[in-house]
Amino acid sequence: MYTGTELFIDGTWQTPTSQATIEVVSPHTESVICHVVSAGPADVDRAVAAARAAFDDGPWPRLSAAERIKAVGRLGSIYKERRREMAELISTEIGAPITFSKHVQSRLPLSAITAFTAVAGAYEFEEVRSGFYGGEICIAKHPVGVVAAVVPWNMPQFLTTAKVIPALLAGCTVVVKPSPEASMDALLLAEFIEKAELPPGVVNFVPGERATGAHLVAHPGVDKVSFTGSTAAGREVALACAAGLRQVSLELGGKSAAIILDDADPESAARAIQMSSLANSGQVCNALSRVLVPAGNTAVIEALAAELDGLVVGDPSDDATQIGPLVAQRQQARVREYIASGIADGARLVTGGVDMPDGLEQGWYVQPTLFADADNGMKVAREEIFGPVLTVIPYRDEAEAITIANDSDYGLAGAVFTADPDRGQSVAARIRAGSFGVNEGYIMDPLAPYGGVKASGYGRELGREGLESYLVSQSISCAKGG
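What comes next concerns the included structure. (Residues numbered from 1 in each chain as written. Predicted model: local features only at pLDDT ≥ 70, side-chain atom pairs only at ≥ 80, totals over all residues. Heavy atoms only, no water.)

**Side note on the overall build of the protein chain**
Point 1. For the protein chain, the count of helices and strands is 16 helices and 23 strands.
Point 2. Here the C-alpha atoms of the protein chain give a radius of gyration of 23 Å, agreeing with the 23 Å that 2.2 N^0.38 yields for 482 residues.
Point 3. Seen through its principal axes, the protein chain has C-alpha atoms that stretch 80 × 60 × 40 Å.
Point 4. Within the protein chain, the proportion of its 482 residues that are buried is 58%.
Point 5. By sequence separation, contacts in the protein chain at least 24 residues apart represent 72% of the contacts at least 6 residues apart.
Point 6. A total of about 19200 Å² of accessible surface is found on the protein chain, and carbon and sulfur atoms cover 51% of it.
Point 7. One way to put it: in the protein chain the 38 positive side-chain charges average out to a point 6 Å from where the 57 negative ones average out. (Helix = DSSP H or I, 4+ residues; strand = E, 2+ residues; numbered from the N terminus. Rg over C-alpha atoms; globule rule 2.2 N^0.38 Å. Buried < 20%, exposed > 50% of the residue type's maximum accessible area, 1.4 Å probe, protein only. Contact = heavy atoms within 4.5 Å. Areas by Shrake-Rupley, 256 points an atom, 1.4 Å probe, with all protein chains shown as cover. Lys, Arg positive; Asp, Glu negative; His and termini not counted. Charge placed at Lys NZ, Arg CZ, Asp CG, Glu CD.)

Below, the structure written as structure tokens:
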């Protein structure tokens, strides 16, 4: 059994000051697979000091954009060579089905690296404008400084690269705090960064529990925090950043709606919803977990039930598996509680339930579950479940469907299904969500900005906007001599 005994700080592997370790447990076997060191406050202080020195006095922020792009390109080449290793590690530690892990968990990060280097290569870091009073004003885009990147466990490498790569290309230095459940893949990425020979202190890793993250986001040496996680934790991060007047971007929870219009094909819509909502065993923030269906339309419910009943649930290392275990026992218990609440509140259980899937006696599994005849006020329709659970809500007409879709604390994503794309675009424009799909679940395109509104957070990742979130503008005007 591998034991991670060191932290990657200031370009080297260092012994932690803390004696604490993170116990990584297989969601499939329920056995311990690894112990990873947990960074204490002094370790976080060392990492921030290294990033601070690398930013204030090191070469990285002062390199040209082309030089930074070249260095990030080296990292991308290493990632490409070892992406299968990364996929297998993520599947082992969080239970992601190996096919999903190969095609998404390890491929999307590589796509993000490629996309961001293209964005940075075309980006104008300086421009000259004509001033209102005459003369010229130079607008220069500078790196924001030291970035604290706090990453969850569900899409660990994609969400890490979505923060680290644009920050690096902007000229920032970074301290990464990965989730305890996904610390192994973070340290593998640290190994890639070491091999890419980035300057010391440019990227540092401090795995740990909640206290480690709290110390990092409140650290006075940090200039910006980029956080992805729950809405409750996001509020705490926002308060900590407000106290220190630090910049912050938050990508938080979601309870996204899929609106099935009366002219949509039931089978096509059901297939798209299943693929976008139950991927990674339903542990995706942009899952279309509320399905809005015209009242009396049983064809969509039947098509969804057929999709869920046809999913292969089991060992995540099996190429045939589509639904693996949830990441932790607490997550399994939480999702089962939501299923029980849906039944108690009067939603009709179409398929699934609280029992273990057939043929499985261990592991943190939950049956793919479908509710129908639900009300948007029910707990299963209001709160983010983060598991393989879909809730069908009936509506009378298009106007009511839009009202129901917007009647949520969240505003991360959504989708509409219709035979008329123009009608779909019209509906999309009336939904308060940061991202939307017409006849598909929203695809995480690394060239498109991603983020939410309302309780889903603020700020954007990916695309040009993702790069700009790590830049600050400086205006320089010069008086004419005389």
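**So, empty space enclosed by the protein**
Point 1. Counted by the stated rule, this structure contains three cavities of 30 Å³ or more.
Point 2. There is about 90 Å³ of room inside the largest cavity.
Point 3. If you trace the largest cavity, you find 16 residues lining it, with Gly-282, Val-284, Ala-287, Ser-289 and Phe-386 closest to the centre.
Point 4. Classifying every residue of the lining of the largest cavity gives eight nonpolar, six polar and two charged. (1 Å grid on protein atoms, 1.4 Å probe; cavity = no way out; pocket = protein on both sides within 12 Å on 5 of 7 lines; lining within 4 Å. Points joined across faces, edges and corners; volume = space filled by probe spheres on them. Nonpolar A, V, L, I, M, F, W, Y, C, P; charged D, E, K, R; others polar.)

**Observations concerning the pairing of strand E4 (residues 21-25)**
Point 1. Of the two faces of E4, the one lined by Ile-22 and Val-24 is fully buried and the one lined by Thr-21, Glu-23 and Val-25 carries no buried residue.
Point 2. Direction of pairing for E4 relative to strand E5 (residues 32-37): antiparallel, over a ladder of five bridges. Paired with Ile-22 across the two strands is Val-36, which belongs to E5.
Point 3. Two successive antiparallel strands, E4 and E5, enclose a turn made up of six residues, where Glu-30 displays a positive phi of approximately 65 degrees. (Pairing = 2+ DSSP bridges.)

**Concerning unusual backbone geometry**
Point 1. You will see that Asp-10, though not glycine, has its phi angle at about 60 degrees, which is positive.
Point 2. On the basis of relative accessibility, which here comes to 34%, the residue Asp-10 falls in the partly exposed class.
Point 3. Phi is positive for Leu-245, close to 50 degrees, though the residue is something other than glycine.
Point 4. With respect to the helices and strands, the residue Leu-245 is situated in the loop between helix H9 (231-243) and strand E12 (247-251).
Point 5. Owing to a relative accessible area of 78%, Leu-245 belongs among the exposed residues under this scheme.

**Quick look at the sheet that holds strand E7 (residues 136-143)**
Point 1. Read across the sheet, three strands follow the order E6-E7-E23 without closing on themselves; strand pairing throughout is antiparallel. Here the strands that pair on one side only, and so sit at the sheet edges, are strand E6 (126-130) and strand E23 (471-477). Across the sheet, the mean angle from the axis of one strand to that of its neighbour is 25 degrees, orientation sign disregarded.
Point 2. Examined bridge by bridge, E7 and E23 share seven bridges and lie antiparallel to one another. (Axes fitted to C-alpha atoms, helices over the stretch in contact; angles between N-to-C directions.)

**A short note on the state of the cysteines**
Point 1. Taken as a whole, this structure holds zero disulfides when the rule is applied.
Point 2. Here Cys-285 is not disulfide-linked; the sulfur of Cys-241 is the nearest cysteine sulfur, at 19 Å.
Point 3. You can call Cys-285 buried: its relative accessible area is 15%. (Disulfide = S-S within 2.5 Å.)

**Side note on the packing of aromatic side chains**
Point 1. This model, assessed by the stated rule, comprises six aromatic pairs.
Point 2. Relative to Trp-13, the ring of Phe-8 has its centre 5.1 Å away and its plane inclined at 55 degrees; by these criteria the two rings are tilted.
Point 3. With relative accessibility at 2%, the residue Phe-8 sits in the buried group.
Point 4. For Trp-13, a relative accessible area of 28% translates into the label partly exposed.
Point 5. On the basis of an interplanar angle of 90 degrees and a centroid distance of 5.1 Å, the ring pair of Phe-132 and Tyr-133 is categorised as edge-to-face. In this pair, the class of Phe-132 matches that of Tyr-133, namely exposed.
Point 6. Taken together, the ring pairs connect Phe-8, Trp-13 and Phe-205 into an aromatic cluster.
Point 7. Over the ring of Tyr-338 we find Lys-379, and its NZ or CZ is 5.2 Å from the ring centre. (Phe/Tyr/Trp six-rings, centres within 6.5 Å; stacked < 30°, edge-to-face > 60°. Lys NZ or Arg CZ within 6 Å of the ring centre and 35° of its normal.)

**So, the pattern of salt bridges**
Point 1. A full pass over the atoms with the stated rule returns 20 salt bridges.
Point 2. Close ionic contact of Arg-52 with Asp-56 constitutes a salt bridge, the shortest N to O distance being 3.0 Å. Of this pair, Arg-52 and Asp-56 both sit in helix H1 (residues 41-56), four residues apart, roughly one helical turn.
Point 3. For Glu-468, the salt bridge is made with Arg-464, and the minimal N-O distance between the two is 3.9 Å. Of this pair, Glu-468 and Arg-464 both sit in helix H16 (residues 463-468), four residues apart, roughly one helical turn.
Point 4. We classify Arg-464 as partly exposed; its relative accessible area is 48%. (Salt bridge = Lys/Arg side-chain N within 4 Å of Asp/Glu carboxyl O.)

**Some points on the sheet that holds strand E19 (residues 414-417)**
Point 1. In spatial order, the strands read E15-E16-E17-E14-E13-E19-E20; together these seven strands make up an open sheet with mixed pairing. Of all strands in the sheet, those with a lone pairing partner are strand E15 (348-351) and strand E20 (437-438), marking the two edges.

**Things to note about the environment of Leu-311**
Point 1. Within the fold, Leu-311 resides in the loop between helix H11 (298-309) and helix H12 (329-344).
Point 2. C-alpha of Leu-311 to C-alpha of Ile-385: the two residues are 74 residues apart in sequence and 19 Å apart in space.
Point 3. Other than its neighbours up to four places away in sequence, Leu-311 contacts Gln-274, Leu-278, Gln-322, Ile-323 and Pro-368.

Any functional reading would require information that these geometric values do not contain.
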